[in-house]
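Examination of the molecular architecture
So you can see what is in the structure, the chains are spelled out below.
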Amino acid sequence: MTGLVFWVLVGLATVTSFATAWALGANSNSPPFAPAIGANAVSTMRAAFLIGILAALGALTQGGSISETVGSGLIDGVAFTSLAATTGLLTATAFMAFGVYTGYPVPAAFATTGAMVGVGLSLGGAPAFETYRRIAMFWALVPPVSGGLAYLTAKLLRRDDIPETVAIPLLASVVGGIVANIQLSIIPSPTGAAQESVAGFLSGSVPSLTVAGVDVVTVVVTLLFAALSFQFIRRRTQASIDKGIKTFLVVLGSVVAFSSGGSQVGLATGPLENLYRAELGLPAIGLLTLGATGILLGAWMGAPRLLQATSREYAQLGIRRSIAALVPGFVIAQLAITLGIPISFNNIIISGVIGGGLAGGSAGVSRRKIAMTLGFWFFTLGVSIVVGFGLYRLFATVLGA
Amino acid sequence: MHHPTSDGPVLVGIESLDDVQQLARTAGDIASLGAGAVRLVTVAVKQSDSPFRVFSDETIVNEFADSSHELLDRATTPADVDVERDVLVARSAARGLLAAVRETDPAALVVGWRAQERRTDAVFGTTVDALVERAPCDLYVERVGQEANGVESVLLPVAGGPHVETAARAAVAIAARNDARVFVFSVETSGDAAAFVAEGREALADVDGPEVPVETTVRESDDVTGAVVDEAAAHDVVVLGATRKGPLRRKLAGSVPRRVVDRTDRTVILARNGDVVGGPLHDLGRLLRR
């Protein structure tokens, strides 16, 4: 391939990746703060500002693992060239645009994963069945686990015998404990891994102490974080239940927005992994910076409008069900980041909203709409593979590559 | 030709509280020609990325459409107009209103249009454009914000085409309720103006409703838009027929009406005949544009 074509493709791929990150920042980041806005804990503009910053930070510090899976984990034996990366991104973008234009649910994670598999196979790569198995299992488990966690959370919050001064701090302690263990690329790993958690860092920095295969320091640090979180929110709820809940909503929204950025950026940057890192020799952080900037600007420019529209819905959902939907959102997004599995953040929230509703009796969902939503998920996944495959073949033939 | 009118209600699509009074009044005028009432409709929009989209319509209307209910509850309507209120669920405002039209077979649909700062590809905004193109009933698009304070004369500019009847109905309805006169107006460009005016007069006479005083004017000019705008200054309400049916949406929503709206501060109502929607060619065009 000539040098000119290569650089044109690099430019095109970069622009598409940036635009995808922008769209993800504008569209998938409204749920974290919508409940807090609905409860008047924070203003729309301030929320949009925070979402942009937090999601971008999440993208920078946590985006690497999913980005790597999308870029090199889905296909064995070949590396994505500039043409392949561009084709994959364009295919995924076309699907997302189709979703926005028609109003049908087209999850970005499914479109990107499908497109990359299709393009990779078209390149002559071998399907990475082991990765597919892991991804499929994770995706299949998202609705029951997210719905189940939301159900339990909502049940906990609904119990009359557990006062809110206990229930809310208890949830805060769970969140705090997980925060101690989330994988961040800025934390230097004593064991040499790319990402490390606070708890892992501390446990690796002191002489190892394991009891029955469990690292004691990790457990201690986790419990410490949980206890501090419990105490902090406990004090706030005791002073005023209303203020305590609002504080928790903002804190929860913050960690969810952070996780959302970390779990979504890879969908935009993943296709460029090989191109940027192997062919252009740029560091991983360079690519993530591109994605994080897109998410930041997308959130700042697009989120206020969406937040205004959705915060009313969350206000009507009520604080308990909102919290019940966000807690699994955080847990599952972090799990996906740890395992490097591309996910659609919206799908987790949908399951959470339904699960929280079931705790109050009937969820009031429409079977037809759920079936249609599921149908479109499968449709997106299947057709994006075919389109990615065909489109790459077409481009390769036309360009004589 | 006598226009077959439906006995259904006159639907009013409401998006903002500011528009209700004005649109309900126009709808009430039109409804008074037939048997139907006025039905205010708001659409609770649940987009594809909303986690709330999986709820049943019933749940959404009952639990997650507060802003829509609030809008309808706070809508003040003219005292002499019989009004029903309804909240619908759809993926977009246009889809919701189209579904309402299919379900109720209304006498007409009235929607508001507000001039926007933002330049978009759409002629009158995406919702109105979609309705102009696809709503299978008589459609009136009223520019909201500028409402005539008392109506003494209604201007009906004509240049042939399928929308004259529909425009004439609104002109008669508004004139009758306000004891106003209707001025049929045409611009002479190719020698057809006299025929157009006669056709407009006939359309007014054909409307199944009270008699209203009618006057006619023909003016010679090369600038159709400018002539209509100048004439409009002497009247309170302008009822414009959409331009001739064309293969493209842009033609249907029309450039002359769009320019007139931009240049006059009168109340402007764009009328589009429901009969132009449908037919195999139209469906094909729709399929291609999807």
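Residues numbered from 1 in each chain as written. Chains lettered and ligands numbered in written order. Predicted model: local features only at pLDDT ≥ 70, side-chain atom pairs only at ≥ 80, totals over all residues. Heavy atoms only, no water.

**Some details on the overall build of chain B**
Looking only at helices and strands, chain B features 11 helices and 10 strands. The buried share of chain B, reckoned over its 290 residues, is 54%. Counting contacts in chain B only where the partners sit at least 6 residues apart, residues at least 24 apart contribute 81% of the total. For chain B, the exposed area adds up to about 13,100 Å²; of that, 45% sits on carbon and sulfur atoms. (Helix = DSSP H or I, 4+ residues; strand = E, 2+ residues; numbered from the N terminus. Buried < 20%, exposed > 50% of the residue type's maximum accessible area, 1.4 Å probe, protein only. Contact = heavy atoms within 4.5 Å. Areas by Shrake-Rupley, 256 points an atom, 1.4 Å probe, with all protein chains shown as cover.)

**Observations concerning the side chain of Thr225 of chain B**
Residues and elements named next belong to chain B. Relative to the assigned elements, Thr225 resides in helix H8 (residues 224-232). The exposure class assigned to Thr225 is buried, which follows from its relative accessible area of 4%. Excluding residues that lie within four positions of it along the chain, Thr225 makes contacts with Val256, Arg259, Val260 and Arg263.

**A word on the sheet that holds strand E6 (residues 153-157) of chain B**
Sheet strands line up and pair through hydrogen bonds in the backbone, either parallel or antiparallel. All names here are of chain B. In spatial order, the strands read E3-E2-E1-E4-E5-E10-E9-E6-E7-E8; together these 10 strands make up an open sheet with mixed pairing. Of all strands in the sheet, those with a lone pairing partner are strand E3 (83-90) and strand E8 (214-220), marking the two edges. Neighbour to neighbour, the strand axes of the sheet diverge by 25° on average, direction disregarded. Pairing analysis gives 5 bridges linking strand E9 (residues 237-241) to strand E10 (residues 267-272), with the strands arranged parallel. What sits directly across from Leu240, in E10, is Leu270. Across the face of the sheet, helix H4 (residues 93-104) comes into contact with strand E1 (10-13), strand E2 (38-45), E3 and strand E4 (108-113) while running at roughly 140° to E2. (Pairing = 2+ DSSP bridges. Axes fitted to C-alpha atoms, helices over the stretch in contact; angles between N-to-C directions.)

**Let's talk about helix H14 (residues 319-339) of chain A**
Residue and element names in this part refer to chain A. Compared with an ideal rise of 1.5 Å per residue, which puts 21 residues at 30 Å, H14 spans 30 Å between its outermost C-alpha atoms and is within 8% of the ideal. When you tally the buried positions in H14, you get 15 out of 21 residues, the bulk of the element. Looking at the residues trailing H14, positive phi occurs at Gly340, about 70°. (Expected span 1.5 Å × (residues − 1).)

**Section: the pairing of E8 of chain B**
For a regular strand, the rule is simple: side chains alternate between the two faces of the sheet. Residues and elements named next belong to chain B. Relative to E8, strand E7 (residues 181-188) runs parallel, the two sharing 7 bridges. The partner of Phe183 across the bridge, within E8, is Glu215. The parallel pair E7 and E8 is bridged by helix H7 (residues 193-206), and the resulting crossover is right-handed. (Right-handed = clockwise from strand over helix to strand, strands pointing away.)

**A word on the packing of aromatic side chains**
Two aromatic rings are characterised by how far apart their centres lie and by the angle between their planes. All names here are of chain A. This model, assessed by the stated rule, comprises 6 aromatic pairs over all chains. Between Phe6 and Trp7 the ring centres are 5.2 Å apart and the planes differ by 80°, which places this aromatic pair in the edge-to-face class. Using a relative accessible area of 17% as the deciding quantity, one classes Phe6 as buried. Measuring from ring centre to ring centre gives 4.3 Å for Phe110 and Trp139, while their planes differ by 35°; the resulting arrangement is tilted. Taken as a pair, Phe110 in helix H6 (residues 108-122) and Trp139 in helix H7 (residues 129-158) lie far apart in primary sequence, 29 residues in all. Classification of Trp139 by relative accessible area gives buried; the value is 15%. Within the aromatic cluster, the residues linked to one another by ring pairs are Phe110, Trp139 and Trp377. (Phe/Tyr/Trp six-rings, centres within 6.5 Å; stacked < 30°, edge-to-face > 60°.)

**Concerning the packing of helix H1 (residues 3-27) of chain A against helix H13 (residues 284-317) of chain A**
Residues and elements named next belong to chain A. In contact at an axis separation of 6 Å, H1 and H13 are set at 40° when each is read in the N-to-C sense. Between H1 and H13, the crossing angle belongs to the class labelled oblique. With respect to the hand of their crossing, H1 and H13 are arranged in right-handed fashion. Across from Thr14, Ser17, Phe18, Ala21, Trp22, Gly25, Ala26 and Asn27 in H1, the residues of H13 making contact are Leu290, Gly291, Thr293, Gly294, Ile295, Leu297, Gly298, Ala299, Met301, Gly302, Ala303 and Leu306. The residue inventory of the contact of H1 with H13, partitioned by class, reads 11 nonpolar, 9 polar and no charged. (Parallel < 35°, antiparallel > 145°, perpendicular 65-115°, else oblique. Left-handed = near helix turned anticlockwise from the far one by under 90°. Nonpolar A, V, L, I, M, F, W, Y, C, P; charged D, E, K, R; others polar.)

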